[in-house]
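In case you want the letters, here they are:
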Amino acid sequence: MAKATTVWYCTSCGNESPKWMGRCPACGEWNTMVEEPKREKTPSKAAARTRAYISTENEAEPQALKDVSLSTGNRFSIGLSEVDRLLGGGLVEGSMILIGGEPGIGKSTLSLQIPLGCPNLKTLYVSGEESPGQIKLRATRLGGDDSNCSILSETLLENILQQVGRVKPDLLVVDSIQTIYSDSLESSAGSVSQVRECAAALLRYAKESGTPVILIGHITKDGSIAGPKVLEHIVDVVLQFEGDTRGSYRILRSIKNRFGSTAELAVFEMTSGGLRQVLNPSEILIPMHQDDLSGIAIAAMMDGTRPFLLEIQSLVSSAAYGMPQRNATGFDVRKMNMLLAVLERRAGFKLGAKDVFLNVAGGLRISDPACDLAVVVAILSSNFDLSVPLDWCFCAEVGLSGELRPVSQVQRRVAEAGKLGFKKIFISSFNKEESFADSGIEVVPVADIPALCRMIFKAS
Ligand code: TYD
Ligand code: MG
């Protein structure tokens, strides 16, 4: 028997090397090389098919760009309006979508809810993880229409492609790409070469047949999608499921989208009957309590094109140990430290001997600079133990000298706050030229942090 040979693959870029290296020479990442059996010499069936396709049937020639007919790609709705919105207005023909997320977050649930939600499409749901019985159980729980959805429990790529060729579905779902393997490679399922090969074969199928393909992908401990980064490069859309699996809210975020914006997110609630779309995220992100509590402020933030309001909570207490603790969930700690330094220097607050904890409601991660002001107000409110009325909200970026900087699309944020019944919104005074005539909410322009404190806490 021939000696088994192995090669090293970079898990980040898929680069191949005959020996181990600490740093991948192609992408420069450290500690990413893994050992896998070498690919066989004879070209894989899929590669041979592609070659035959290229050389005979369809010799592509360059085309003048001006002669290319403008096709926006046929889109169709997949029954979940929030996912349609994330995708940029529905699923595009021949596109490949990758949905990643931690175990138990709801990837399989979502990917089964899609076929069940569009009974007018012939769908094929391929699972390498669950038996048809288990899938049926889940489908019953989800209560959709399963009349036009076929199930295939299979992990061998060649068999899947054969069945797909026979069924000719309008939509193919593969759960998950890490469990599928091709027999043209010796390495085990989930390895870099298998993931790369299987995804490439499915991509070829998607592009040749015009069938959209939804892939489910596992993620690694550090939160990136398992397998080579090339997986993310070759697909058209990457959607990432986030949230605390113990809580019921889930956030689906688009991190790559060739057909739409990546600044969008959708909120879902995991119920006993599957994922429910939360059409108005503010409903869950603003407080449920009636009393005014200190340490809470509402931010008017923007997610892509949609404004919504969310609660920011803070707790400031005397540091029990020498080194004050700084902890933030859903917010960048470095940014929080910067805001604390601004409060210390420009507004004279002695926060150096205090522990500061910050939490963003609903398990959301925020990066919109317009949330700065609400973060500052929440911290000050907890520090003074003075509550801020719950029908006030905040929307401005805080600069290093304590000035409030204007934010984009302030009119839409103000309008949203007005719609939700807020009475006052604090914005940067540089935003005040805009007209907020019919927003039904009092707009308070503020110049800097000391002015804000005088207005809200009657201090300083
Ligand atoms: P699942 O889709 O299997 O997660 P993944 O494929 O990402 O690993 O989701 C599993 C979790 O969702 C599990 O903890 C049970 C819960 N769940 C519900 O709460 N309601 C439901 O209707 C379903 C189908 C699952
Ligand atoms: Mg699953």
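Residues numbered from 1 in each chain as written. Chains lettered and ligands numbered in written order. Predicted model: local features only at pLDDT ≥ 70, side-chain atom pairs only at ≥ 80, totals over all residues. Heavy atoms only, no water.

Draft legend 1. Structural view of the nonpolar core. In this structure, Ile379 and Phe394 are the most contacted members of the largest nonpolar core, which totals 50 residues. If you tally residues by element for this core, the top one is helix α10 (residues 372-384), at 8 residues. In contact with isoleucine 379, other than residues within four places in its own chain, are Ser314, Val316, Met336, Leu340, Leu343, Leu351, Val356 and Leu358. Ranked by size, the runner-up nonpolar core spans 32 residues in total, among them Phe76, Leu87, Leu110 and Phe241. (Core = buried A, V, L, I, M, F, W, Y, C linked by side-chain atoms within 4.5 Å. Buried < 20%, exposed > 50% of the residue type's maximum accessible area, 1.4 Å probe, protein only. Helix = DSSP H or I, 4+ residues; strand = E, 2+ residues; numbered from the N terminus. Contact = heavy atoms within 4.5 Å.)

Draft legend 2. Seen up close, the sheet that holds strand β1 (residues 6-10). The strand order β2-β1-β3 describes an open sheet built from 3 strands, whose pairing is antiparallel. Taken across any chain shown, the strands that pair with only one partner, and hence form the sheet edges, are β2 (16-17) and β3 (33-37). Lying over the sheet, helix α6 (residues 192-209) contacts β1 and β3, oriented at roughly 70° with respect to β1. (Pairing = 2+ DSSP bridges. Axes fitted to C-alpha atoms, helices over the stretch in contact; angles between N-to-C directions.)

Draft legend 3. Looking closely at the site of ligand 1. The immediate surroundings of ligand 1 are formed by 15 residues, with Gly104, Ser108, Thr109, Thr271 and Gly274 found nearest. Here an oxygen atom of ligand 1 and a backbone polar atom of serine 272 are 3.1 Å apart. Here ligand 1, which alone exposes 560 Å², has 75% of that area covered by the protein. Listing elements by their share of the shell around ligand 1, those giving two or more residues are α3 (107-117), α4 (132-142) and β13 (265-271). Split by residue class, the shell around ligand 1 holds 3 nonpolar, 8 polar and 4 charged. (Near = heavy atom within 4 Å. Polar contact = N/O pair within 3.5 Å; in protein donor to acceptor, adjacent residues only side chain to side chain. Areas by Shrake-Rupley, 256 points an atom, 1.4 Å probe, with all protein chains shown as cover. Nonpolar A, V, L, I, M, F, W, Y, C, P; charged D, E, K, R; others polar.)

Draft legend 4. Quick look at the packing of helix α9 (residues 333-346) against α10. Taken N-terminus to C-terminus, the directions of α9 and α10 make an angle of 65°; their axes are 11 Å apart at the nearest point. Crossing hand, α9 versus α10: right-handed. Taken together, the residues of α10 that come into contact with α9 (itself represented by Lys335, Met336, Leu339, Leu340 and Leu343) are Asp372, Val375, Val376, Ile379 and Leu380. (Left-handed = near helix turned anticlockwise from the far one by under 90°.)

Draft legend 5. Examining α6 more closely. The terminal C-alpha atoms of α6 lie 26 Å apart, and with 18 residues this matches the ideal 26 Å at 1.5 Å per residue to within 8%. Immediately downstream of α6, the backbone of glycine 210 shows phi near 75°, a positive value. (Expected span 1.5 Å × (residues − 1).)

Draft legend 6. View of the pattern of salt bridges. Applying the stated criterion to the full structure yields 13 salt bridges. Residues aspartate 236 and arginine 258 are paired through a salt bridge, measuring 2.7 Å at the closest nitrogen-oxygen approach. Of this pair, aspartate 236 sits in the loop between α7 (230-234) and β11 (237-242) while arginine 258 sits in the loop between β12 (249-257) and β13; the two residues are 22 residues apart in sequence, bridging distant segments of the chain. Residue classification places aspartate 236 among the buried positions, given a relative accessible area of 3%. Taking relative accessible area as the criterion, arginine 258 reaches 47% and is therefore assigned partly exposed. Put simply, arginine 365 and glutamate 242 hold a salt bridge, and the shortest N to O gap is 3.6 Å. Separated by 123 residues along the polypeptide, arginine 365 in the loop between β18 (354-360) and α10 and glutamate 242 in strand β11 bring together distant segments of the chain. You can call glutamate 242 buried: its relative accessible area is 15%. Via salt bridges that share partners, Lys207, Asp236 and Arg258 belong to a single interconnected network. (Salt bridge = Lys/Arg side-chain N within 4 Å of Asp/Glu carboxyl O.)

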